[in-house]
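Below, each chain spelled out in residue letters.
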Amino acid sequence: VLFALTLILVGACHKGAPPSQEPSKSPVTATPSEETTETSTDDAVVKSDEATAMHQRFLAVNAIRDAVISGDLPAAKGRADKLAKDENLGSVLADWGQFTKNLQKEVEATAAATDLRTAAVHTAAAADACGQCHKSLGIATLEEKTEPRPADDGSVGGIMRQHHWATSRMWDGLVAPSMASWETGAKALVDISRNAQLQPKVKSDKELASLLGEVEKRATEASQAVTGPERTHALGQLLATCSGCHQ
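A quick note: this is a predicted structure, and the numbers were derived from the prediction, not measured.

Participant: Describe the overall build of the protein chain, listing the residues and the values that go with them.
Facilitator: Within the protein chain, the regular secondary structure consists of 9 helices and 2 strands. Tracing the protein chain from N to C terminus, the helices and strands come up as β-β-α-α-α-α-α-α-α-α-α. Counting over 247 residues, the protein chain shows a buried share of 48%. Total accessible area computed for the protein chain in this model is approximately 11,400 Å², and 52% of it derives from carbon and sulfur atoms.

This is how it looks when you write it as structure tokens:
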């Protein structure tokens, strides 16, 4: 199931930061257009062609993530390989230096992965590379469209929809980056998984109960993560757990 994406800043980011996440510099917003223009503040400049490139790269990284979550290693590898070979990573985005190199390194590692867990770890690291670049530029946050948390209807499908919602918030937490979004998603995922294990239909399915217990464990670790590397590691392990279930 693909995540719904809404991207505004630099062709991909929301205008303004969420209440708990103030940018380190004045936020930069830009809308891609056919003409090459510049939007600037004190020391940050984003051209419209860069805005379009960021928009496309963001969608590409999300597509890799979706393949990993679905347990589709060939698709994840193929999408990562396509992004790694994208000339824009070395041309239009060249001004962003080490962050672009970090992103390219992680997608190349995903393309070379021989198992889903390795692909998941490097996909999470690619998201962190995006977030570190946003943080260094002082631009406004980039987030997926935030829908209300799905209701608990007591079905397995309902549990999965809630898992998707919570994981999306955690993904936002790395990419924006937004600690508030990360905490919202991680804490929700703990509660969702814990409550699901109390449902009769889950109790009667030992395999499902075990998987939900693993998700709760990973979500608990994520809720306790404080540093960037800790959050990146936690999300990588969570994505790997999701992929193992859906495979």
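Participant: Please set out the environment of leucine 212 residue by residue, giving values where relevant.
Facilitator: Looking at the element boundaries, leucine 212 is found in helix α8 (residues 206-223). According to the relative accessible area criterion, leucine 212 is buried, its value standing at 2%. As a C-alpha pair, leucine 212 and isoleucine 159 span 53 residues in sequence and 9.6 Å in three-dimensional space. Once residues within four sequence positions are removed from consideration, leucine 212 is found in contact with Ile159, His163, Ser193, Ala196, Gln197 and Val202.

Participant: Report on the environment of alanine 111, specifying residues and quantitative values.
Facilitator: In this structure, alanine 111 sits in helix α3 (residues 97-111). On the accessibility criterion, alanine 111 (18% relative accessible area) is buried. The spacing of alanine 111 and leucine 73 is 38 residues in sequence and 9.3 Å in space, taken between C-alpha atoms.

Participant: Tell me about the nonpolar core, and please be specific about residues and values.
Facilitator: The nonpolar side chains of a soluble globular protein tend to be buried, and buried together. Among the nonpolar cores identified, the biggest contains 51 residues, and Met170, Trp182 and Leu235 are the most heavily contacted of them. When contributions to this core are tallied by element, the ones reaching two or more residues are α1 (48-69), α2 (73-84), α3, α4 (116-137), α5 (156-175), α6 (179-196), α8 and α9 (228-246). Sort the elements by how many residues they give to this core and α4 lands first, with 8 residues. Beyond its immediate stretch of four places on either side in the chain, tryptophan 182 contacts Arg169, Met170, Gly173, Leu174, Ala222, Ala225, Arg231, Ala234 and Leu235.

Participant: Outline the packing of α6 against α9, supporting the account with residue identities and numerical values.
Facilitator: Running from N to C, α6 and α9 cross one another at 40°; their axes reach a closest spacing of 13 Å. One element, α6, and the other, α9, form an angle in the oblique class. Relative to α9, α6 is oriented so that their crossing is left-handed. Mapping the contact onto sequence places Met179, Trp182 and Leu189 in α6 and Arg231, Ala234, Leu235 and Leu238 in α9. Along the lines of polarity and charge, the residues of the contact of α6 with α9 split into 6 nonpolar, no polar and 1 charged.

Participant: Please give an account of the side chain of threonine 241 that cites residues and values.
Facilitator: Mapped onto the fold, threonine 241 is located in helix α9. Its relative accessible area of 8% is what places threonine 241 among the buried residues.

The rules behind the values
- Residues numbered from 1 in each chain as written.
- Predicted model: local features only at pLDDT ≥ 70, side-chain atom pairs only at ≥ 80, totals over all residues.
- Heavy atoms only, no water.
- Helix = DSSP H or I, 4+ residues; strand = E, 2+ residues; numbered from the N terminus.
- Buried < 20%, exposed > 50% of the residue type's maximum accessible area, 1.4 Å probe, protein only.
- Areas by Shrake-Rupley, 256 points an atom, 1.4 Å probe, with all protein chains shown as cover.
- Contact = heavy atoms within 4.5 Å.
- Core = buried A, V, L, I, M, F, W, Y, C linked by side-chain atoms within 4.5 Å.
- Axes fitted to C-alpha atoms, helices over the stretch in contact; angles between N-to-C directions.
- Parallel < 35°, antiparallel > 145°, perpendicular 65-115°, else oblique.
- Left-handed = near helix turned anticlockwise from the far one by under 90°.
- Nonpolar A, V, L, I, M, F, W, Y, C, P; charged D, E, K, R; others polar.

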